[in-house]
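# Close look at the chain arrangement
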Amino acid sequence: MTKILAMSKRERFCSLWIFIILTSLLVSCSDEYEGIPIDKDEPYSLEYPSGFPKMTFDITGNPVTVNGVALGKKLFYEGKLSRNNTISCGFCHIQEYAFTHHGHNVSHGIDDRLGIRNAPPIQNMAFLKNYTWDGVSHNLDERSLVPITTDFEMDSSLPEAVGKLNSDANYKKMFKAAFGDEKITGDRILKAISQFMATMISADSKYDQMMKGKVSFTAEETQGMSLFQNKCASCHSGELFTDESYRNTGMYYNAQFDDRGRYRVTLDWNDNMKFRVPSLRNVEYTAPYMHDGRFYSLEAVLNFYSDNVENHPNLDPLLKQNGHTGIPMTGQDKQYIIAFLKTLSDKSFISNPKFAE
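From a predicted model like this one, the values you see are computed outputs, not experimental measurements. (Residues numbered from 1 in each chain as written. Predicted model: local features only at pLDDT ≥ 70, side-chain atom pairs only at ≥ 80, totals over all residues. Heavy atoms only, no water.)

Along the chain, the regular secondary structure elements total 14 helices and four strands. Evaluated residue by residue, the chain yields a buried proportion of 50% over its 357 residues. The contacts in the chain between residues at least 6 apart in sequence include a share of 68% that link residues at least 24 apart. Entry remark: accessible area of the chain is about 17700 Å², with carbon and sulfur atoms responsible for 54%. (Helix = DSSP H or I, 4+ residues; strand = E, 2+ residues; numbered from the N terminus. Buried < 20%, exposed > 50% of the residue type's maximum accessible area, 1.4 Å probe, protein only. Contact = heavy atoms within 4.5 Å. Areas by Shrake-Rupley, 256 points an atom, 1.4 Å probe, with all protein chains shown as cover.)

The structure is reproduced here in C-alpha cells:
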C-alpha cells in the first residue's frame, strides 16, 4: 500500500511538471506571436470618446486590424529598428509617464546622443492633426520614419530595418497575418506602428468620469476648473485640451539646442519661437515640460506664465493684454489650477496591458 501511495505521489509530481512545461510552452508561443490569429484577421474596434473631435487617422488607407495592431505593438518595442539594435520607440516613450521620456529634458537616443526636444506624449493621436512641436509631421502613417532615420534618435533606415526583420521567421508570420503575405516593407512597418499608436486613446480620467456624472470634483478641483477655463482654455481647448495652434509664449531662446520652433518649418520669421500647444491630458505624468524640458514641475510652468514671459515682437496676443505680459495668477490660483490639471490624469491608460511592453 505504501509503495502504491509513493508511486502515486511520483506520478502526480511528474504530471505536475509536464503540465508546467506544457503551459510554459503555450505561454511562450502566445508571447512569440503576440496571441494573434494567424489565419484570420479582424477589424480592431477603435474607441470614440464622447466629445472628442472627428478622427483624423486615415482608416481607409490603413485599416486598423487586430493583427496589424499586434504587429505594430511588437515593432514599437523593437530595438532592431535602430542601427545598433538598442533603441526602440518605447525607449523614449515610456508608458507609465504617458509615453514620454521621463526625467530627460530632451530625448536621449542611440549612443546616448542628445536630441533637441522633449519627447511628447503619445495619446489620442488618431484625433490630432499634427504630432510634433513644430508641426512638420501631420501623417501618422509616416510619423515613425523620422525617429528611425534621425542620427541622434535611432540612426537607421527602412531598408536596414527591413533586412533585419526579414531574417526573423516570426516577423514573417506576423506580417502575413497583418497584411496577407510575408513581404516585409518599410511602408508596412510604418503602417503597423501607426495602427498601434492609433489605439492609444486616453479618455478615462477623473475629469472624464466627472463629465459623465460618475464622480464629483472637490471644491479645489472645481475652483481650479473655473480658473483654467478663464485663464488657460483659450489655447488648451476642447476635450483634447489643445487647439493645436502654434504660439510664441514668451520663452527665452535656448542657444544650446538652437530650436526656433515653427520657424524651422516655414522659414517665416513671424513663426520664430512658436511651438505647438500641447495637450494637457496626463500632464501630471509628463514632466519635464515645454519643448526643451526646461521646467520640472507644474508650479514652475505656472510661475513662468505669471512672472517670466518675455515680451517678444510676435508674442501671442493672449499673453499681452492691458499692458500686462503673461497671465495674472496668485499663488492660490496656481494651486487650484494644478488640482484641476491632476484630474486629467488617466491611471488606466498608463497601466493598460494592451499598450505595455
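There is more to say, and it comes next.
To continue, consider the pattern of salt bridges. Opposite charge on two side chains lets them pair, provided their charged atoms get close. Scanning the entire structure with this criterion turns up 19 salt bridges. A salt bridge links lysine 80 to aspartate 168, with the nearest nitrogen and oxygen atoms 3.4 Å apart. Pair noted here: lysine 80 is in the loop between α2 (66-76) and α3 (89-92) and aspartate 168 is in the loop between α6 (158-166) and α7 (169-179), with a separation of 88 residues, a long-range link. The closest approach of N and O atoms between arginine 113 and aspartate 111, which form a salt bridge, is 3.4 Å. The class of arginine 113 is partly exposed, set by a relative accessible area of 32%. Residues joined by salt bridges that share partners form a network here, namely Arg83, Asp111, Arg113 and Asp155. (Salt bridge = Lys/Arg side-chain N within 4 Å of Asp/Glu carboxyl O.)

Once that is clear, we can look at the packing of aromatic side chains. Scanning the entire structure with this criterion turns up 18 aromatic pairs. Between phenylalanine 76 and phenylalanine 99, the aromatic rings sit 6.2 Å apart at their centres with planes inclined by 80 degrees, giving edge-to-face as the arrangement. Residue phenylalanine 76 is found in helix α2, and its partner phenylalanine 99 is found in the loop between α3 and α4 (140-143); the two are separated by 23 residues along the sequence. The class of phenylalanine 76 is buried, set by a relative accessible area of 0%. With 5.5 Å between their ring centres and 55 degrees between their planes, phenylalanine 349 and phenylalanine 355 make a pair best called tilted. Like phenylalanine 349, the residue phenylalanine 355 is buried in the burial classification. Every member of this aromatic cluster is reached through a ring pair, and the members are Phe76, Tyr77, Phe99, Phe196, Phe349 and Phe355. Its end group placed over the ring of tyrosine 246, arginine 262 keeps NZ or CZ at 4.4 Å from the ring centre. The aromatic ring of tyrosine 252 is capped on one face by arginine 294, whose charged end is 4.0 Å from the ring centroid. (Phe/Tyr/Trp six-rings, centres within 6.5 Å; stacked < 30°, edge-to-face > 60°. Lys NZ or Arg CZ within 6 Å of the ring centre and 35° of its normal.)

We now examine the nonpolar core. Ranked by internal contacts, the top residues of the largest apolar core, which has 49 residues, are Leu75 and Ile189. Here the element with the most residues in this core is helix α8 (residues 186-198); it accounts for seven residues. Residues Phe228, Phe241, Met290 and Ile327 belong to the second largest nonpolar core, which totals 33 residues. (Core = buried A, V, L, I, M, F, W, Y, C linked by side-chain atoms within 4.5 Å.)

On to the packing of helix α10 (residues 219-231) against helix α13 (residues 331-341). Running from amino to carboxyl end, α10 crosses α13 at an angle of 100 degrees, the nearest separation of the two axes being 7 Å. Here α10 is positioned roughly perpendicular relative to α13, judged by the angle of their axes. Contacts from Glu220, Glu221, Gln223, Gly224, Met225, Leu227, Phe228 and Lys231 in α10 reach Asp333, Tyr336, Ile337, Ala339, Phe340 and Leu341 in α13. Split by residue class, the contact of α10 with α13 holds eight nonpolar, two polar and four charged. (Axes fitted to C-alpha atoms, helices over the stretch in contact; angles between N-to-C directions. Parallel < 35°, antiparallel > 145°, perpendicular 65-115°, else oblique. Nonpolar A, V, L, I, M, F, W, Y, C, P; charged D, E, K, R; others polar.)

Okay, the environment of lysine 80 next. The class of lysine 80 is partly exposed, set by a relative accessible area of 27%. The sequence separation of lysine 80 and methionine 154 amounts to 74 residues, and the corresponding C-alpha distance is 9.5 Å. Setting aside residues no more than four positions away along its own chain, lysine 80 makes contact with Asn85, Ala161, Lys164, Leu165 and Asp168.

Attention now moves to the confidence of the model for the chain. Mean pLDDT over the chain works out to 91, with 89% of the residues at or above the 70 mark. Every residue in residues 1-7 is under pLDDT 50, and counting partners more than four places away or in other chains gives zero contacts. Predicted confidence is poor over residues 9-14, with pLDDT under 50, and the contacts of this stretch with residues over four places away or in other chains come to zero contacts. (pLDDT = per-residue confidence, 0-100.)

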